[in-house]
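The chain contents come next:
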Amino acid sequence: MGLTFEISSTAPTGGRRAALRIPHGTVQTPVFMPVGTAATVKTVQQETLEHIGQNGAGAEIILANTYHLYLRPGHELIRRAGGVHRFMAWPRPLLTDSGGFQVFSLAKLRKISDDGVEFRSHLDGSKHFFSPEHSMEVQIALGADIMMAFDECVETPATWERTRDSMSLTHAWAARSRAYFEAHKDEVRWSSDSSCHSERSEESPHFGALQSLTDRTQSLFGIVQGGMYPDLRRESAERLVEMDFEGYAIGGLAVGEPREVTREMIARSLEILPKDKPRYVMGVGYPDEIEEYARMGVDMMDCVLPTRAARHGLLFRAPEPGEEGTAVRMNVKRLEYAEDQRPIDPACTCLVCRRYTRAYLRHLFVAKEPLGATLNSIHNLSFYLDTMERVRGELAG
Ligand SMILES: [Zn+2]
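Remember, predicted model here, so these are calculated numbers, not experimental data. (Residues numbered from 1 in each chain as written. Predicted model: local features only at pLDDT ≥ 70, side-chain atom pairs only at ≥ 80, totals over all residues. Heavy atoms only, no water.)

**Here's the deal with the overall build of the protein**
As a reminder of what qualifies: Helix and strand labels come from DSSP, where a helix needs a run of H or I of at least four residues and a strand needs a run of E of at least two; each type is numbered from the N terminus. Every radius of gyration here is taken over C-alpha atoms, with the globule rule written as 2.2 Å times N^0.38, N being the number of residues. When a residue's accessible area, from a 1.4 Å probe over protein chains only, is under 20% of the maximum for its type it is buried; when over 50% it is exposed; and in between it is partly exposed. Counted charges follow a simple rule, with Lys and Arg positive, Asp and Glu negative, and His plus the chain ends left uncounted. The location of each charge is read from NZ of Lys, CZ of Arg, CG of Asp or CD of Glu.
From N to C terminus, the protein includes 15 helices and 16 strands. Scaling as 2.2 N^0.38, a compact globule of 397 residues should have a C-alpha radius of gyration of about 21 Å, and the protein matches this with 21 Å. The principal-axis extent of the C-alpha atoms belonging to the protein is close to 60 × 55 × 50 Å. Buried positions account for 56% of the 397 residues belonging to the protein. For the protein, the distance from the average position of its 46 positive side-chain charges to the average position of its 54 negative side-chain charges is 4 Å.

**Focus: the pattern of salt bridges**
Under the convention used in this document: Every case where a carboxyl oxygen of Asp or Glu lies within 4 Å of a side-chain nitrogen of Lys or Arg is listed as a salt bridge.
One pass over the full model with this rule turns up 32 salt bridges. Here Glu 6 makes a salt bridge to Arg 21, at a shortest N to O gap of 2.9 Å. Placement of the pair is Glu 6 in strand S1 (residues 4–10) and Arg 21 in strand S2 (residues 16–22), with a sequence separation of 15 residues. Here Glu 6 falls in the partly exposed class, since its relative accessible area comes to 40%. Here Glu 394 and Arg 295 are joined by a salt bridge, their closest N and O atoms 2.8 Å apart. Of this pair, Glu 394 sits in helix H15 (residues 370–395) while Arg 295 sits in helix H12 (residues 287–296), and the two are 99 residues apart along the sequence. The exposure class assigned to Arg 295 is partly exposed, which follows from its relative accessible area of 24%.

**Describing the coordination of the zinc ion**
Heads up, the condition is: For Na, K and Ca the donor cutoff is 3.2 Å, while for all other metals N, O and S atoms count as donors only within 2.8 Å; water does not appear among the atoms, so some sites may look incomplete. The rule is simple: four donors are tetrahedral if all their angles sit between 85 and 135 degrees, four are square planar and six octahedral if opposite donors span more than 155 degrees and the others lie between 65 and 115, and anything that fits none of that is irregular.
Taken together, the protein donors to the zinc ion comprise Cys 348 (SG), Cys 350 (SG), Cys 353 (SG) and His 379 (ND1), at separations of 2.2 to 2.3 Å. Between the 4 donor atoms coordinating the zinc ion, the angles at the centre fall across 98 to 115°, so the site counts as tetrahedral. Counting the intervening residues between successive donors of the zinc ion yields the motif C-x1-C-x2-C-x25-H. Relative accessible area serves as the criterion here: at 7%, Cys 348 is assigned to the buried category.

**What about the sheet that holds S1?**
Which entries qualify depends on this criterion: Here, any two strands with at least 2 DSSP bridges between them count as paired. Fitting a line to C-alpha atoms yields each axis, with helices limited to the stretch in contact; the angle taken between N-to-C directions then spans 0 to 180 degrees.
With antiparallel pairing, 3 strands are arranged side by side in an open sheet as S1-S2-S3. Each of the sheet's edge strands pairs with one partner strand only, and the pair in question is S1 and strand S3 (25–29). Averaged over all adjacent pairs, the angle separating strand axes in this sheet is 15°, with direction ignored. Pairing of S1 with S2, which is carried by 6 bridges, proceeds in the antiparallel orientation. From the neighbouring strand, Ile 7 faces S2, where its bridge partner is Ala 18.

**Notes on the packing of helix H14 (residues 358–366) against H15**
How we decide: When an angle is under 35 degrees it counts as roughly parallel; over 145 it counts as roughly antiparallel; between 65 and 115 it counts as roughly perpendicular; any other value is oblique. Two helices crossing with the near one rotated counterclockwise from the far one by less than a right angle form a left-handed crossing, whereas a clockwise rotation gives a right-handed crossing. Contacts are assigned to residue pairs that have any heavy atoms within 4.5 Å of one another. Asp, Glu, Lys and Arg are counted as charged, while Ala, Val, Leu, Ile, Met, Phe, Trp, Tyr, Cys and Pro are counted as nonpolar; the rest, among them Gly, fall into the polar class.
Where H14 meets H15, the axes come as close as 7 Å, and the angle between the chain directions of the two elements is 130°. Of the possible angle classes, the one that applies to H14 and H15 is oblique. Between H14 and H15 lies a crossing of left-handed hand. For the pair formed by H14 and H15, the contact residues are Tyr 360, Leu 361, Leu 364 and Phe 365 on the first element and Leu 371, Gly 372, Leu 375 and Asn 376 on the second. Taken together, the residues of the contact of H14 with H15 break down into 6 nonpolar, 2 polar and no charged.

**Some thoughts on the packing of helix H6 (residues 132–142) against helix H7 (residues 160–184)**
Put simply, H6 and H7 touch, their axes get as near as 8 Å, and they point 40° apart. By the angle between their directions, the pair H6 and H7 is classed as oblique. Crossing hand, H6 versus H7: right-handed. Seen from H6, the contacting residues are Pro 132, Glu 133, Met 136, Glu 137 and Ile 140; seen from H7, they are Trp 173, Arg 176, Ser 177, Tyr 180, Phe 181 and His 184.

**Topic: unusual backbone geometry**
Put simply, Thr 156 and Pro 157 share a cis peptide bond, and its omega is 0°. Its place among the elements puts Pro 157 in the loop between strand S10 (146–148) and H7. The linkage connecting Val 284 with the following residue, Gly 285, adopts the cis geometry, with an omega of 5°. By the secondary structure assignment, Gly 285 is in the loop between strand S13 (279–281) and H12. Although it is not a glycine, Asp 244 adopts a positive phi angle of roughly 60°. Within the element layout of this structure, Asp 244 appears in the loop between helix H10 (230–243) and strand S12 (247–250).

**Observations regarding the layout of surface pockets**
Note the following rule: We place a 1 Å grid over just the protein atoms. Points where a 1.4 Å probe fits but has no way out form a cavity, open points with protein on both sides within 12 Å along at least 5 of 7 lines form a pocket, and any residue with an atom within 4 Å of a point lines it. Grid points are joined across faces, edges and corners, and a volume is the space filled by probe spheres set on the points.
By volume, the largest pocket is sized at about 870 Å³. Lining the largest pocket we find 37 residues, and of these Phe 101, Gln 102, Gly 283, Asp 302 and Val 304 sit closest to its centre. Within the residue set of the lining of the largest pocket, elements represented by two or more residues are helix H5 (100–105), strand S14 (300–303) and helix H13 (305–311). For the lining of the largest pocket, the per-class residue count stands at 16 nonpolar, 13 polar and 8 charged.

Next comes the structure, spelled out in structure tokens:
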């Protein structure tokens with residue numbers, strides 16, 4: 001068995017409060033997933049990730065990138081280590097993307113055929129080939145709880161015809177991903193080989209519970225494409241639903257289009273996707289966006305924004321009296337904070353706001369001290385998790 005998804009309440013706006021049970025734990029949704037591109041959420045250690053957020057529950061699920069881990073250190077090395085969970089010492093749920101988006105956005109000299117994509121590594125120029133079957137093989141080696149079908153991401157803007165052709169290729173690849181996954185899903189290390197867990201559980205208390213994972217499998221989600229065309233989004237959702245995935249992602253959004261368009265494409269897709277399965281919008285967004293999409297009925301989201309912004313000194317905080325919106329952006333490098341002895345967000349009780357001042361964080365940033373990036377990332381991730389915690393509370397009624 002891969003996953004169960006139990007919805008406890010649905011709001012008139014479509015937003016749902018649910019529990020997603022997957023082999024490495026239960027995830028309360030709607031959820032924001034921090035991105036651990038290279039099996040690390042940049043600058044933040046796993047121990048801290050388990051405790052961020054005001055309720056101290058930490059991140060219940062994180063994401064790792066298949067393209068990056070395939071190139072370095074290599075999926076076979078990670079398979080030998082027991083999968084990404086063990087390799088990075090993260091006992092909680094994990095999701096891997098298909099590698100599709102990175103192949104199309106990072107890799108050089110792509111050659112696309114019906115069979116797959118030939119590309120050159122952005123690291124050293126070496127030549128590689130990804131097919132739907134190979135993406136599945138790599139993701140099974142990585143061993144995340146949830147993996148994604150291999151898709152083509154069309155460039156933006158693209159004509160209707162070009163977008164339709166790309167979408168049709170994505171559907172053919174989704175069917176091949178599904179077929180390979182069904183034939184091989186029992187091969188994940190933690191499902192088929194309980195001995196590797198009992199060895200490790202003696203040295204690490206975090207992994208003791210994994211012995212019970214034998215007979216649990218990974219889950220595969222399909223990805224809706226269709227660019228910025230409502231009719232194609234609907235058609236894509238319909239084709240994928242016919243293939244009967246355990247959950248559905250909406251991909252190819254937040255790639256430079258206006259936010260009204262993003263919202264429209266999500267809405268058209270949600271109309272078609274089954275209400276009893278998890279629905280995931282990939283690569284969004286700002287705090288007010290994730291809040292809005294959660295209220296529309298999106299259950300899962302991920303984005304590098306909170307950590308990337310943090311490394312550039314951009315912090316998010318709750319508005320103070322007289323300020324608009326639900327998230328205020330604050331650039332910590334500004335001179336006005338040089339002697340500001342308040343925390344980033346007086347309303348936040350995260351590990352950082354409980355202890356450090358704006359003045360100190362500005363100093364760390366200006367002096368290029370690595371601790372600055374770490375503390376900024378912890379606060380921003382806390383802000384994102386707290387935003388979802390607040391929305392979950394409201395959806396629960
Ligand atoms: Zn904080």
